[in-house]
Amino acid sequence: MDTKWFYAEGNKPIGPISFEEVVRLIKASPGERHFVWTEGMAEWHEARTLPAFADALRSLPPPLTAAVTESAGRAVGGPSGSPAADSRLLHPWRRYFARVFDVYVFTLCGGFALGVMVPDIFSESSTSSRVEDQLFTILAFAAYVPFEAFCLYAFGSTLGKTLYGVMLHPSGGRIVFSQALKRSALVWLKGWGLALPIVSLFTLIIAYNRLKRNGSTSWDDDLKWSVAHSQFGTSRWVGILACWAGITFVIVVLAYLGKQ
Amino acid sequence: MALHVAFLLFAALPVLVVSITGDRNKIVTTLCGVAAAGASYAVETLLIGGLTASGIRISIGLEAFVVIALPEEGLKYLALAVIVGFATSGKQIVINSVFCALGFASAENFLYTIGLRQVHGTTDLFSLLSLFRFFMPFMMHVAAGPLLVSGHCIRGWRPLAGLALALVFHGAYDAVLMLSWPASLRIAYLLIIAGLIASAFVYRHATTVARD
């Protein structure tokens, strides 16, 4: 096999190196996650998920999760309360803003679709507009649950997650719709508190503290999923700002048109 | 003027975002889509002129499927086949088709924003129609992208089957809008949603089936 590969050592890509060299590097650190890239790939992939590495890595154990290392630490008398993962690798805010971005885009497109299908739904009514806005937000988050599950099933990611470099890895290797739906529902319930005012503030804070303390969220522990993050360079920052500028522009124009 | 510039930037936003990723394949593919948009307008103008000159009545069906859908989807397909090249992995083909469609739709919206201002000035109607183009034609092109190459990704299909599928989808979308039925907008949007779901399944299938 003369295909050249790049291997991610921390945040530094090493390569181009041969397939055999990549396997040697991976076997030197079993139980860890190893990301590789070769020409033709759109993004970095975990080596063990690629068919090319299936045979070579069959004898290696899967990567250790935070839950496993914490349990192992306790079992051999490790210090209780010690962080199970390097907190620099957790990036809770990237995950938060990735989801917010996704919900915004979904709400804009879904709202447009609703307006086309059922124009009366956005007609003026006598009830308070703040109540309607809040209800719309709650419903938007609920409606987003199956949509996110479908995106994870079909594409393995969502627009916001791709933009912020957040990668989900299910326990079984490939994302199944039912598992994706379960995860999305758990995030909506445990993370966002059903998007209910005040309640969501508490659930988000609790989820944030748990992630910082344990290295994973309760829903990822329940379903045994893991979350990785790609490099965050200048170009990604610029792309994120440009996308948010675009969304802001659409909202401002729609608000202006709504008032006319 | 500022509003016009803002809408032009918004129309070009997908191309700008792809450009700063530094991914050579995505940038080339997106720019091929931009070029295909420019070329398709020339072809459509020639077709309309030719058909008119030869006295053929341009029905809604002829305009939607032959004058509009055929050049646009055909040139996108040509760009993917000849310039970008069909990649060895099904997943990469689908990704290329989406970025080609992104470039095409962005260029189309950019040009339409210029045209809309010439007709409407920077009025509310200009803003409404410019945004409309993002939520409908743009999404329609993005939905058509994976359909265009589905023939290369689905076992048993022939490559041109994908092009035919995209032609039917795009033509039906345009025909429905041109017919100006009371429910035209709803049917067109339902078509877009169906196209997006079908495209998602094409992508899913392309990543699960190993290609030769």
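What comes next is a walk through the structure.

The rules behind these values
Residues numbered from 1 in each chain as written. Chains lettered and ligands numbered in written order. Predicted model: local features only at pLDDT ≥ 70, side-chain atom pairs only at ≥ 80, totals over all residues. Heavy atoms only, no water. Helix = DSSP H or I, 4+ residues; strand = E, 2+ residues; numbered from the N terminus. Contact = heavy atoms within 4.5 Å. Areas by Shrake-Rupley, 256 points an atom, 1.4 Å probe, with all protein chains shown as cover. Axes fitted to C-alpha atoms, helices over the stretch in contact; angles between N-to-C directions. Parallel < 35°, antiparallel > 145°, perpendicular 65-115°, else oblique. Left-handed = near helix turned anticlockwise from the far one by under 90°. Salt bridge = Lys/Arg side-chain N within 4 Å of Asp/Glu carboxyl O. Buried < 20%, exposed > 50% of the residue type's maximum accessible area, 1.4 Å probe, protein only. Buried area = accessible area lost by both parts, 1.4 Å probe. Polar contact = N/O pair within 3.5 Å; in protein donor to acceptor, adjacent residues only side chain to side chain. Nonpolar A, V, L, I, M, F, W, Y, C, P; charged D, E, K, R; others polar. Patch = residues over 30% accessible without salt bridge, like charges linked within 9 Å, V, L, I, M, F, W, Y side chains within 5 Å. Core = buried A, V, L, I, M, F, W, Y, C linked by side-chain atoms within 4.5 Å.

## A few points about the overall build of chain A
Phase 1 of the analysis: Within chain A one finds 10 helices and six strands.
Phase 2 of the analysis: A sequence separation of at least 24 residues applies to 68% of the contacts in chain A between residues at least 6 apart.
Phase 3 of the analysis: Total accessible area computed for chain A in this model is approximately 14,700 Å², and 64% of it derives from carbon and sulfur atoms.

## Observations concerning the packing of helix α2 (residues 24–53) of chain B against helix α4 (residues 90–120) of chain B
All names here are of chain B.
Phase 1 of the analysis: With their axes 7 Å apart at the nearest point, α2 and α4 run at an angle of 45° to one another. In terms of axis orientation, α2 runs oblique to α4. Of the two possible hands of crossing, α2 and α4 adopt the one that is right-handed. Residue-level inspection shows N25, K26, T29, T30, G33, V34, A36, A37, S40 and Y41 of α2 in contact with α4, the latter providing Q92, N96, F99, C100, G103, F104, A107, E108, L111 and Y112.

## Quick look at the pattern of salt bridges
Phase 1 of the analysis: One pass over the structure, following the stated rule, counts nine salt bridges over all chains.
Phase 2 of the analysis: With a closest N to O distance of 3.0 Å, A:R95 and A:D220 form a salt bridge. One end of the pair, A:R95, is in helix α4 (residues 92–117); the other, A:D220, is in helix α9 (residues 218–223), with 125 residues separating them in the sequence.
Phase 3 of the analysis: The exposure class assigned to A:R95 is buried, which follows from its relative accessible area of 15%.
Phase 4 of the analysis: Here B:K76 and B:E73 are joined by a salt bridge, their closest N and O atoms 3.2 Å apart. Of this pair, B:K76 and B:E73 are both found in helix α3 (residues 60–84), three residues apart, which corresponds to roughly one turn of the helix.
Phase 5 of the analysis: Judged by its relative accessible area of 1%, B:K76 is buried.
Phase 6 of the analysis: The exposure class of B:E73 is buried, given its relative accessible area of 0%.
Phase 7 of the analysis: Through salt bridges with shared partners, a single ionic network connects A:R95, A:R183 and A:D220.

## Side note on the interface of chain A and chain B
Phase 1 of the analysis: With 31 residues of chain A at the interface, the matching set in chain B holds 31 residues.
Phase 2 of the analysis: The contact between chain A and chain B buries some 2,700 Å² in all, and 74% of this surface belongs to carbon and sulfur atoms.
Phase 3 of the analysis: Sorting the residues of chain A by area buried against chain B places A:F112, A:M117 and A:F249 first, and these three jointly supply 22% of that buried surface.
Phase 4 of the analysis: Along the contact surface separating chain A from chain B lie zero salt bridges.
Phase 5 of the analysis: Taken together, the connections running from chain A to chain B amount to six residue pairs in polar contact (both at pLDDT 80 or more).
Phase 6 of the analysis: Counting residues per element, the ones that place at least two in the side of chain A that touches chain B are α4, α5 (129–155) and α10 (234–259) of chain A.
Phase 7 of the analysis: With 12 residues, the top contributor of residues to the side of chain A that touches chain B is α10(A).
Phase 8 of the analysis: Here the side of chain A that touches chain B is built from residues that sort into 23 nonpolar, six polar and two charged.

## Here we look at a nonpolar patch on the surface
Phase 1 of the analysis: On the surface, A:I198, A:L201, A:F202, A:I205 and A:I206 cluster together to form a nonpolar patch covering roughly 550 Å² of accessible area.
Phase 2 of the analysis: Take A:I205: it is sitting in helix α8 (residues 199–214).

## Some thoughts on the nonpolar core
Phase 1 of the analysis: Counting residues in hydrophobic clusters, the biggest one holds 57 residues, and the most contacted among them are A:F101, A:Y164, B:M136, B:Y189 and B:I192.
Phase 2 of the analysis: The element contributing the most residues to this core is α4(A), with 10 residues.
Phase 3 of the analysis: If sequence neighbours within four positions are ignored, B:Y189 has contacts with A:C109, A:F112, A:A113, A:V116, A:M117, B:F135, B:M136 and B:M139.
Phase 4 of the analysis: Grouped together as the second largest cluster of nonpolar side chains are 23 residues, B:A79, B:L80, B:I93 and B:F138 included.

## Notes on unusual backbone geometry
Residue and element names in this part refer to chain A.
Phase 1 of the analysis: One non-glycine residue, L194, adopts positive backbone phi at about 60°.
Phase 2 of the analysis: Summarising the element assignment, L194 is placed in the loop between α7 (177–191) and α8.
Phase 3 of the analysis: Taking relative accessible area as the criterion, L194 reaches 28% and is therefore assigned partly exposed.
Phase 4 of the analysis: In this structure, K224 takes a positive phi of about 60° despite not being glycine.
Phase 5 of the analysis: Its place among the elements puts K224 in the loop between α9 and β6 (226–229).

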